[in-house]
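# A look at the structure
What follows is each chain in one-letter form.
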Amino acid sequence: IGSYAEWDEVQRREWLVQELESNRPLLPPNWQYDGEPLNFPPTVVDTLETFRLAAQLEDGSLGAYVISQCQQTSDILAVLLLQQDAGVRNPL
């Protein structure tokens, strides 16, 4: 399947849409941030923690949502997928 970073935009969009339509979670439930088996870098952990926190907020708490350095459709779909996986009630 390769690496997401190496995929072209079409491959990224196809994979993201497939994941968004799937009932399967992106990450296993109750995965550990900094331990085995996923062992994410700190920047990834910060991002995932942000989405988990956003999922706990009341609707409308965030207002506008800015996706910095967004350049392609896949950038928006990736944020939507992370929101969905974290359980954000009203994503984007």
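Owing to the predicted nature of the structure, the values given are computational and were not obtained by experimental measurement. (Residues numbered from 1 in each chain as written. Predicted model: local features only at pLDDT ≥ 70, side-chain atom pairs only at ≥ 80, totals over all residues. Heavy atoms only, no water.)

## Points about a nonpolar patch on the surface
Note the cut-off: Note on patches: the residues involved have over 30% relative accessible area and no salt bridge, like charges join within 9 Å, and the nonpolar side chains Val, Leu, Ile, Met, Phe, Trp and Tyr join within 5 Å. Accessibility throughout is a Shrake-Rupley quantity obtained with a 1.4 Å probe, and a residue counts as covered only by protein chains that appear here. A side-chain nitrogen of Lys or Arg and a carboxyl oxygen of Asp or Glu constitute a salt bridge if their distance falls within 4 Å. In this description a helix means any DSSP run of H or I spanning at least four residues, a strand means any run of E spanning at least two, and both kinds are numbered starting from the N terminus.
Taken together, L53, L57, L62, Y65, I76 and L92 make up a surface patch of nonpolar side chains, about 540 Å² in accessible area. Take L62: it is sitting in the loop between α2 (42-56) and α3 (73-86).

## As for the environment of Q72
We apply this condition: Exposure is judged per residue with a 1.4 Å probe applied to protein chains only, and the accessible area is read against the type maximum: over 50% gives exposed, under 20% gives buried, and values in between give partly exposed.
With respect to the secondary-structure elements, Q72 resides in the loop between α2 and α3. Note on Q72: relative accessible area 35%, which makes it partly exposed. A sequence separation of 63 residues divides Q72 from E9, and the C-alpha atoms of the two residues are 7.7 Å apart.

## Structural notes on the layout of surface pockets
Our working rule: Of the grid points, spaced at 1 Å and generated over the protein atoms alone, those admitting a 1.4 Å probe that cannot get out make up cavities, while open sets with protein on both sides within 12 Å along at least five of seven lines make up pockets; any residue with an atom within 4 Å of a point is treated as lining. Grid points are joined across faces, edges and corners, and a volume is the space filled by probe spheres set on the points. The classification used treats Ala, Val, Leu, Ile, Met, Phe, Trp, Tyr, Cys and Pro as nonpolar, Asp, Glu, Lys and Arg as charged, and all other residues, Gly among them, as polar.
As a volume, the largest pocket reaches approximately 270 Å³. For the largest pocket, the lining is made up of 17 residues, of which G60, S61, L62, V88 and N90 are closest to its centre. In terms of residues, the lining of the largest pocket owes the most to one element, α2, which gives three residues. Of the residues in the lining of the largest pocket, the class split is nine nonpolar, five polar and three charged. Taken as a whole, the second largest pocket holds about 200 Å³ of empty space.

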